[in-house]
Amino acid sequence: MEKKLPVLLSAAALAAGLLALALTLVVFLRPAGPDPAEAYRMEKRDEIADMVLQRQVVPEDYLRYLDEPLAEEVRAYNEATANLHQHYAQMAGNIVNSLFYAFDDAGELDENGQLRGPEAYQQPEHYYDWVGRIAHWAMYANTEALCSADPALCFTLGREAGGSYGMWPASFHQEGIADEDTRSWGEEYQTLVDALLDRLDAARSGEESD
């Protein structure tokens, strides 16, 4: 027994050494986890992309997670979104005034086709809801389909179908019906949005966009 003890101790030491080596290799060969800071930046880029898809203005603080060229593209998108939405909101106001049968000869509208003074702020809640919904859906190329599928707008579209008051969704983008400037602005905006989404996708995947 005394002669075998050193052999047993050597075997135990060898086993312990092999185990330590194996654990060391596991630590060094294990794939590194994602950098938490980069994962957070990626999450914020994804949120920005979602805001663009929803045609929302991106808060300035989010731009710190983008490189400067991409941040400038988002700023350009923000400015275009705010300006175009205001234009569409004025158009939507005119549309809803017509749907509410407010006419110039009744003295209810100003020279721009908008309700006068306090009248503009004293309408039913769904008046403002319609204006907001129409202006929002106009930010997309398929405005007609989106308005037709909107639960708050489908009734009036169905009620006015076949008449001139049912054609208003086409007044934003459809050639031959939409004002040429309005149609052109919408096309330029869609091009800007597509390019920005492509850049955000490229930033997420680490690729360089053209």
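So, a few notes on the structure that sits alongside this text. What you see is a predicted model; the values in this text were computed from it and never measured. (Residues numbered from 1 in each chain as written. Predicted model: local features only at pLDDT ≥ 70, side-chain atom pairs only at ≥ 80, totals over all residues. Heavy atoms only, no water.)

**Digging into the overall build of the chain**
For step 1, the next point in the chain: Regarding its fold elements, the chain presents seven helices and zero strands.
For step 2, the next point in the chain: Going from the N terminus to the C terminus, the chain shows its helices and strands as α-α-α-α-α-α-α.
For step 3, the next point in the chain: Within the chain, the proportion of its 210 residues that are buried is 30%.
For step 4, the next point in the chain: Taking all contacts inside the chain whose residues are at least 6 apart in sequence as the whole, residues at least 24 apart take part in 55%.
For step 5, the next point in the chain: Per element, the accessible surface of the chain, about 13400 Å² overall, is 57% carbon and sulfur. (Helix = DSSP H or I, 4+ residues; strand = E, 2+ residues; numbered from the N terminus. Buried < 20%, exposed > 50% of the residue type's maximum accessible area, 1.4 Å probe, protein only. Contact = heavy atoms within 4.5 Å. Areas by Shrake-Rupley, 256 points an atom, 1.4 Å probe, with all protein chains shown as cover.)

**A look at the side chain of Thr81**
For step 1, the next point in the chain: Within the element layout of this structure, Thr81 appears in helix H3 (residues 68–99).
For step 2, the next point in the chain: Classification of Thr81 by relative accessible area gives buried; the value is 2%.
For step 3, the next point in the chain: For Thr81, the side chain forms a polar contact with the main-chain oxygen of Tyr77, separated by 2.8 Å.
For step 4, the next point in the chain: Setting aside anything within four residues of it in sequence, one finds Thr81 in contact with Arg55, Val57, Met139 and Tyr189. (Polar contact = N/O pair within 3.5 Å; in protein donor to acceptor, adjacent residues only side chain to side chain.)

**Considerations on the packing of aromatic side chains**
For step 1, the next point in the chain: Following the criterion strictly, the structure yields five aromatic pairs and no others.
For step 2, the next point in the chain: Taking 5.3 Å as the distance between ring centres and 85° as the angle between the ring planes, the aromatic pair formed by Tyr88 and Phe172 counts as edge-to-face. Placement of Tyr88 in helix H3 and of Phe172 in the loop between helix H6 (154–159) and helix H7 (180–205) is noted, with a sequence separation of 84 residues between them. The burial state of Tyr88 is the same as that of Phe172; both residues are buried.
For step 3, the next point in the chain: Summarising the aromatic geometry, the rings of Tyr127 and Tyr128 are spaced 5.1 Å apart at their centres and angled 75° between planes, so their arrangement reads as edge-to-face. (Phe/Tyr/Trp six-rings, centres within 6.5 Å; stacked < 30°, edge-to-face > 60°.)

**Some remarks on the nonpolar core**
Most often, soluble globular proteins have nonpolar side chains that are buried together.
For step 1, the next point in the chain: One finds Val52, Leu66, Tyr88, Ile134, Trp168, Phe172 and Leu200 to be the most contacted residues of the largest nonpolar core, which totals 37 residues.
For step 2, the next point in the chain: Sorting elements by how many residues they give to this core places H3 first, with 11 residues.
For step 3, the next point in the chain: Discounting residues that sit within four places of it in the chain, Val52 has contacts with Tyr77, Val193, Leu196, Leu197 and Leu200. (Core = buried A, V, L, I, M, F, W, Y, C linked by side-chain atoms within 4.5 Å.)

All quantities given are derived from atomic positions and should not be read as evidence of function.
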